[in-house]
Number of protein chains: 2
Amino acid sequence: MTQALAPKPLSQVALKDFDPRHIEGDWDKKSAAKQIEENTEVTRELAYRLYAENRRAVLLVLQGMDTAGKDGTIRTVFTGVNPQSCQIVPFKQPSNEELDHDFLWRIHKAVPRRGNIGIFNRSHYEDVLIVRVHNLVPKSEWETRYKRINEFEELISDGGVVLLKCFLHISKEEQKERLQARLDRPHKRWKFSKGDLAERKLWDDYQQAYEMAVSNCNTEHAPWHIIPSDRKWYRNMVVSTLLRETLEKLDPQFPSEEQGLDDIVVE
Amino acid sequence: MTQALAPKPLSQVALKDFDPRHIEGDWDKKSAAKQIEENTEVTRELAYRLYAENRRAVLLVLQGMDTAGKDGTIRTVFTGVNPQSCQIVPFKQPSNEELDHDFLWRIHKAVPRRGNIGIFNRSHYEDVLIVRVHNLVPKSEWETRYKRINEFEELISDGGVVLLKCFLHISKEEQKERLQARLDRPHKRWKFSKGDLAERKLWDDYQQAYEMAVSNCNTEHAPWHIIPSDRKWYRNMVVSTLLRETLEKLDPQFPSEEQGLDDIVVE
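Residues numbered from 1 in each chain as written. Chains lettered and ligands numbered in written order. Predicted model: local features only at pLDDT ≥ 70, side-chain atom pairs only at ≥ 80, totals over all residues. Heavy atoms only, no water.

Comments concerning the overall build of chain A
Then, number 1: The secondary structure content of chain A amounts to eleven helices and five strands.
Then, number 2: In summary, chain A has a C-alpha radius of gyration of 20 Å against a globular reference of 18 Å for 267 residues, a match within 12%.
Then, number 3: On the principal axes, the C-alpha backbone points of chain A span a range of 70 × 45 × 40 Å.
Then, number 4: The buried share among the 267 residues of chain A stands at 54%.
Then, number 5: If you take every contact in chain A between residues at least 6 apart in sequence, the share linking residues at least 24 apart comes to 82%.
Then, number 6: Of the roughly 12,800 Å² of accessible surface on chain A, a fraction of 47% belongs to carbon and sulfur atoms.
Then, number 7: Between the mean site of the 40 positive side-chain charges and the mean site of the 43 negative ones, chain A shows a separation of 8 Å. (Helix = DSSP H or I, 4+ residues; strand = E, 2+ residues; numbered from the N terminus. Rg over C-alpha atoms; globule rule 2.2 N^0.38 Å. Buried < 20%, exposed > 50% of the residue type's maximum accessible area, 1.4 Å probe, protein only. Contact = heavy atoms within 4.5 Å. Areas by Shrake-Rupley, 256 points an atom, 1.4 Å probe, with all protein chains shown as cover. Lys, Arg positive; Asp, Glu negative; His and termini not counted. Charge placed at Lys NZ, Arg CZ, Asp CG, Glu CD.)

Overview of unusual backbone geometry
Then, number 1: With a phi angle near 75°, T67 of chain A is a residue other than glycine that sits in the positive phi range.
Then, number 2: Within the secondary structure layout, T67 of chain A lies in the loop between β1 (57-64) and α2 (70-78).
Then, number 3: Here T67 of chain A falls in the buried class, since its relative accessible area comes to 10%.
Then, number 4: Here the phi dihedral of N54 of chain B falls at roughly 55°; this positive angle occurs in a residue that is not glycine.
Then, number 5: Residue class for N54 of chain B comes out partly exposed when judged on its relative accessible area of 46%.

Quick notes on helix α8 (residues 172-184) of chain B
Then, number 1: Here α8 of chain B is 13 residues long and its end C-alpha atoms lie 18 Å apart, about the 18 Å a rise of 1.5 Å per residue gives.
Then, number 2: On its buried side, α8 of chain B packs onto α9 (195-200), α10 (203-216) and α11 (232-250) of chain B. (Expected span 1.5 Å × (residues − 1).)

Points about the sheet that holds strand β2 (residues 86-90) of chain B
All names here are of chain B.
Then, number 1: The parallel open sheet is built from five strands, whose spatial order is β2-β3-β1-β4-β5. The sheet is open, and its two edges are formed by β2 and β5 (224-228), each paired on a single side. Direction aside, neighbouring strands of the sheet carry axes that sit 20° apart on average.
Then, number 2: Contacting β1 (57-64), β4 (161-169) and β5, α10 crosses the sheet at an angle of about 140° to β5. (Pairing = 2+ DSSP bridges. Axes fitted to C-alpha atoms, helices over the stretch in contact; angles between N-to-C directions.)

Details of the UniProt feature "domain: Polyphosphate kinase-2-related" (unreviewed entry) in chain A
Then, number 1: Here, UniProt's "domain: Polyphosphate kinase-2-related" (unreviewed entry) annotation points to residues 29-252 of chain A.
Then, number 2: Across residues 29-252 of chain A one finds 52% helix and 14% strand; the C-alpha atoms that close the span lie 31 Å apart. (UniProt positions renumbered as here; feature names shortened; annotations may be inferred.)

Topic: the relation of the copies chain B and chain A
Then, number 1: The transform that puts chain B on chain A rotates by 180° and translates by 0.0 Å along the axis, for an RMSD of 0.0 Å. Taken together, the rotation and translation relating the two chain copies correspond to the operation of a two-fold axis.
Then, number 2: Of all interface residues in chain B, 100% are interface residues in chain A too; the two copies therefore contact each other through one and the same surface. (Least-squares fit on C-alpha atoms with pLDDT ≥ 70 in both.)

Looking at the interface of chain B and chain A
As a measure of interface size, the accessible area lost when the parts come together is often cited.
Then, number 1: Every contact between the two is made by 43 residues of chain B and, on the other side, 43 residues of chain A.
Then, number 2: Counting the surface lost from both chain B and chain A, the interface buries some 4,000 Å², and carbon and sulfur atoms represent 57% of this.
Then, number 3: Here chain B and chain A share four salt bridges between them.
Then, number 4: Among the ionic pairs, E257 of chain A bridges to R189 of chain B, the shortest N-O distance being 2.6 Å.
Then, number 5: At the surface where chain B touches chain A, the tally comes to 18 residue pairs in polar contact (both at pLDDT 80 or more). (Buried area = accessible area lost by both parts, 1.4 Å probe. Salt bridge = Lys/Arg side-chain N within 4 Å of Asp/Glu carboxyl O. Polar contact = N/O pair within 3.5 Å; in protein donor to acceptor, adjacent residues only side chain to side chain.)

As for the packing of aromatic side chains
Then, number 1: Counted under the stated rule, the structure contains 14 aromatic pairs over all chains.
Then, number 2: Centre to centre, the rings of W233 of chain A and Y234 of chain A are 6.0 Å apart; their planes meet at 80°, and the pair counts as edge-to-face. The same class applies to W233 of chain A and to Y234 of chain A, which are both buried.
Then, number 3: The side chain of R75 of chain A reaches across the aromatic face of Y48 of chain B, ending 6.0 Å from its centre.
Then, number 4: A cation sits over an aromatic face here: R145 of chain A above F103 of chain A, 4.5 Å from the ring centre. (Phe/Tyr/Trp six-rings, centres within 6.5 Å; stacked < 30°, edge-to-face > 60°. Lys NZ or Arg CZ within 6 Å of the ring centre and 35° of its normal.)

Describing the sheet that holds strand β4 (residues 161-169) of chain A
Residues and elements named next belong to chain A.
Then, number 1: Spatial ordering of the open sheet is given by β2-β3-β1-β4-β5, a layout of five strands whose pairing is parallel. Each edge of the open sheet is held by one strand with a lone partner, namely β2 (86-90) and β5 (224-228). Geometrically, the sheet is characterised by an average inter-axis angle of 20° between neighbouring strands, direction not taken into account.
Then, number 2: Across five bridges, the pairing between β2 and strand β3 (residues 117-121) is parallel.

Examining the environment of P112 of chain B
All names here are of chain B.
Then, number 1: In this structure, P112 sits in the loop between α4 (105-109) and β3 (117-121).
Then, number 2: Accessibility expressed as a relative area gives 6% for P112, which makes it buried.
Then, number 3: Setting aside its immediate chain neighbours within four residues, P112 contacts A57, V58, L59, Q87, I117, G118 and V161.

Things to note about the packing of helix α1 (residues 29-53) of chain A against helix α11 (residues 232-250) of chain A
Packed helices, taken two at a time, are described by their axes: the angle between them and the distance between them.
Residue and element names in this part refer to chain A.
Then, number 1: Running from amino to carboxyl end, α1 crosses α11 at an angle of 30°, the nearest separation of the two axes being 9 Å. Judged on the interaxial angle alone, α11 and α1 are roughly parallel. For the crossing formed where α1 meets α11, the hand is left-handed. Taking contact as the criterion, the partners of K29, A32, Q35, I36, E38, N39, V42, T43, L46 and L50 in α1 are, on α11, W233, N236, M237, S240, T241, L243, R244, L247, E248 and L250.
Then, number 2: Its residues assigned to classes, the contact of α1 with α11 comprises ten nonpolar, six polar and four charged. (Parallel < 35°, antiparallel > 145°, perpendicular 65-115°, else oblique. Left-handed = near helix turned anticlockwise from the far one by under 90°. Nonpolar A, V, L, I, M, F, W, Y, C, P; charged D, E, K, R; others polar.)

This is the structure we're talking about:
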């Protein structure tokens, strides 16, 4: 199932070829919810073994336009997993101290430790997305970043971190509805900022920047997955399944015991 | 219920006055499990509001002898809460870099950010527990630490962090059974280390060190709770209830919306 969502490594991707309402197979809201529940149970057990094994880590990178559902995906996929296994790092506007270093400095510090599942809510990709769209640094600086990102991701992958990069792909129409819903529902209004509308005007620029990021950084060791995200229930099910499959493939094992425990009696 | 477990602020505590098998009220395994389920639902909602409010934080400090159930408590109390709200920090043997600083340096860095629930799996209290029992630093150094800890906890409390300190109190007999169970069950053996037995021999020294820590650092702004922990289901229920009550008392509110949103239509 997930294979269909992954573009070919290092090929030019056109987002218009990926339908944000696409559904692979015979899914509906109910069967997806059931699948998520099953996935959570398996993930909970495998996360425990990953933690016990203490040798490798998983890093889920979540990117997407405003309202694409990064927070909602985390809530649905990880509520029910022991938070002791999860290191969730939201990347916001960089601090002055962070800006005083190269763009991967703050990212490197946040890489999950062995045994854990790290979740990046936004990531180093912002440095070729918002930075590129708003010309926050000169082109000569951001255009080398794709290469730097690939090298960095290979480094941490060599260090035992399995990367799972998901682009939550929504349509412009769907974003409109979600922003309007934030305005129309009193208890959602605190999430709305007028700045969101200014960003929305740059929709095409962002789509293009995403295409470049996915095209240039879809490597063997750190592939991108394009998640059809206009339907929240489908988006959550796909990410949840990808995570489960990643852990199943890792197949973490309990570590071996100390020698000479057989005759010990605790007193 | 929880009141009964809290010793008087800054009074001399004798752990023998607190029964590790104590049950306050009419609880059994089944009713406790139901209570935990209810608590988790309330905590999930309040944690979301705490996150939205983005003004205050909660810090749950978990301490206890080996096998007292720090990991198990985290698993039971927090599985079902959105991990995006939780920052769990396990404190292990300090690194060389950490030892090159005062004992609170690594702790301060790990204080939860606004909007989050931090969980310390062990904490700065190790610096008046294992450090004291094993004379890792001279007495002149550790004996001032109680005061430093109180000052530090008042500092972060002023900064909006509500502290909830729990000592998971087990009996020596119960620890014996739990260590033996780790030896006897093949899939639990990886958790067993012969070093655990050497530590167990220092049981009385550790109890005394805990008494000093609880007696000297049971302040108004950061009270200790002694959790009867010989029964896992009761321990989990009490910590889960304390957390829920702490959040209910905080009563976090959704932030107010931006001005001038009424006439906006998203295009």
